[in-house]
Amino acid sequence: MGLPNRIAYQDHRYPHVVLAPIGKKNKHIRSIGHKFERGLLSRLNDAVVDHIGRKSLDTASIQNYLGLTGDAVLPVAFQKEETIHPHLLRPELFLWKSLPEEHGLPLKDSYLYHTDFTQLSSDQLYDHVGEVLEDYLFLSHISKESRGHWLDKIADAFHRHPIVQLFHQKRDVIDAVETMNQSSLISVLNYPEDIAYWRHRVEIVMRPFRALPQAWVEREEGSCPHSKCLQFDAEEKTICCYCETCDFCLYYDTVEEAVRFPEEFDVDRAVKRTATIEEQFNAIARQNSRLLEQLAQLRALKKQLNTARKPLDESLAVVSRIEKYQRRKDDLSAYPLLDMYDKLSRVHIPEKGNDSELLWLAGVELKEVRILKELSRWQKIVPEHVYPNTRHVLEELKTRLEDVRYHDEDIILTVKGRSITYADTQQILDLIYYYGSEYPVHTLVQMLAGKPTNKLRSLYLHETRWFGLLSSWPEKHIQRLFTQLEKQGWLMKQQKGYAISDFAEEVM
């Protein structure tokens, strides 16, 4: 870190200034021959002397930061024409990095002050040099710790911020509010005016918490995993930390060891509003006793059906296999108990563990609110003892499965008037299983066609049980057969050859 010794140039006439070439092709400074440059360097040196005398600046810290000896504390860039670069160097140029010694300093706007100090009056130059020295002094203290250290300090201060701590304390309520604000149950609650007002208040109450980046608050400690930009303010003694991915900015006070956000919120007000928004929703929910009762009844039905969970799950698995054979979705309306169990399996209704309807309803998962309309019909068809009925349904479905299951003589598909049976399809799938990804399609086609090429003989493929299986088929039709098997979902095209599909695995 610091200014590379090889390119640093010091002149005894300007002891508090150190010169360095700037620009990749500008490798060293030969002399300071121009009158304008000598006069400007003298003015800079005098300004530094005045600041050191008046403010008792800690020059040793700056010198250690820049790796300098003697009295020099202010780096000044020299251009290739041996003229002074009109913008002073920012201290960030030397922070946590080593600069190459084989060429000049990098000529980047981000490492330069915007002020053209060659055009300033004496008073303006004095003020500008003072600001620059303060920046160097601040960065010299920052440099004593690593970048990771400061990021850890910022993250720790973030989690100690009152709004963040409130977020963690009220996380269950905040999550419940956000869930219910988007829940389909909102549409079936009575008194739309009350709901509309509640949702309007939600937008206000949730603002402080929505301003917090999820990637930060999801962690108990640390920050998001993304790269961050750090900017330094010597006057305020703060570090601005910005994450572009999260689009989040915060300011860390290095003196107070605390963070502040671009928009600060009243924590006491946020506490009261969070409690109020929960109470308001609970009041609305209590006016919808019919809905609360229906949800409790749905939960009871699901619990009742779970006594026969094993045969019901097995029945749904059989239905799934039947659908694969039929290539279409099966209608479960003919099996009311199974249809009910299937729909309720996608429903989650937790037990009501506390007095907050908000927290309870936020845990309810309904894929469709239309299920509430089926409740009265379901209550009429559920017998007291569920198990015997479910066994009957399972046996009936197994019979249906045998009816739709493929048999060896069933025709799977037809190509140009030539049919292929299920037995032949099994043979072809066996071939694909063993050789589908090992050889290209044309080799597989030649095997099935029974064409004894030199390549097949050299690989001993002419001795396999699949050789000549479709010897009566033209090769181009066998190629089309593979295409049709892929379209119907039996095969999957690979980079080289084919593989058996999941559908074929299940059916076989």
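Everything below is about the structure shown above.
Residues numbered from 1 in each chain as written. Predicted model: local features only at pLDDT ≥ 70, side-chain atom pairs only at ≥ 80, totals over all residues. Heavy atoms only, no water.

K.L.:
Help me understand a negative patch on the surface, please; the structure alone is not making it clear to me.
P.N.:
A cluster of acidic residues, Asp 123, Asp 127, Glu 131, Asp 233, Glu 235 and Glu 236, forms a negative patch on the protein surface. For the negative patch, the leading source of residues is helix H3 (residues 122–142), giving three residues. (Patch = residues over 30% accessible without salt bridge, like charges linked within 9 Å, V, L, I, M, F, W, Y side chains within 5 Å. Areas by Shrake-Rupley, 256 points an atom, 1.4 Å probe, with all protein chains shown as cover. Salt bridge = Lys/Arg side-chain N within 4 Å of Asp/Glu carboxyl O. Lys, Arg positive; Asp, Glu negative; His and termini not counted. Charge placed at Lys NZ, Arg CZ, Asp CG, Glu CD. Helix = DSSP H or I, 4+ residues; strand = E, 2+ residues; numbered from the N terminus.)

K.L.:
Help me out: how do you make sense of the sheet that holds strand E6 (residues 258–260) in this one?
P.N.:
The strands making up a sheet associate through hydrogen bonds between their backbones, and the pairing can be parallel or antiparallel. Strand order in the open sheet made by the four strands is E3-E4-E5-E6, with antiparallel pairing throughout. The open sheet has two edge strands with one neighbour each: strand E3 (229–233) and E6. For this sheet, the mean inter-axis angle between neighbouring strands, taken without regard to orientation, is 25°. The pairing of strand E5 (residues 248–253) with E6 spans three bridges and is classified as antiparallel. Bridging across to E6, Asp 253 finds its partner in Ala 258. (Pairing = 2+ DSSP bridges. Axes fitted to C-alpha atoms, helices over the stretch in contact; angles between N-to-C directions.)

K.L.:
Got a minute to help me understand the nonpolar core in this structure?
P.N.:
General note: in soluble globular proteins, nonpolar side chains tend to be found buried as a group. By size, the foremost hydrophobic cluster in this structure holds 164 residues, and its most contacted members are Leu 41, Val 76, Leu 361, Phe 482 and Trp 490. In terms of residue count, the dominant contributor to this core is H3 (nine residues). (Core = buried A, V, L, I, M, F, W, Y, C linked by side-chain atoms within 4.5 Å. Buried < 20%, exposed > 50% of the residue type's maximum accessible area, 1.4 Å probe, protein only.)

K.L.:
Can you help me understand the packing of helix H6 (residues 171–182) against helix H7 (residues 192–205) in this one?
P.N.:
Two numbers describe a pair of packed helices, the interaxial angle and the distance between the axes. The N-to-C vectors of H6 and H7 enclose an angle of 135°; their axes lie 11 Å apart at closest approach. When the axis of H6 is compared with that of H7, the two are oblique. Handedness of the H6/H7 crossing: left-handed. Two secondary-structure elements touch here, H6 through Val 177, Met 180 and Asn 181 and H7 through Trp 198, Arg 199, Val 202 and Glu 203. Residue classes in the contact of H6 with H7 are distributed as four nonpolar, one polar and two charged. (Parallel < 35°, antiparallel > 145°, perpendicular 65-115°, else oblique. Left-handed = near helix turned anticlockwise from the far one by under 90°. Contact = heavy atoms within 4.5 Å. Nonpolar A, V, L, I, M, F, W, Y, C, P; charged D, E, K, R; others polar.)

K.L.:
What exactly am I supposed to notice about unusual backbone geometry here?
P.N.:
Even without being glycine, Ser 56 reaches a positive phi, approximately 50°. Of note, Ser 56 is situated in the loop between helix H1 (35–55) and helix H2 (59–66). Positioned with a positive phi, Lys 237 is a non-glycine residue whose angle comes to about 55°. Relative to the assigned elements, Lys 237 resides in the loop between E3 and strand E4 (238–243).

K.L.:
Can you help me understand the environment of Met 492 in this one?
P.N.:
Mapped onto the elements, Met 492 comes out in strand E9 (residues 491–493). Here Met 492 falls in the partly exposed class, since its relative accessible area comes to 35%. Between the alpha carbons of Met 492 and Phe 482 there is a distance of 9.8 Å; along the sequence they are 10 residues apart.

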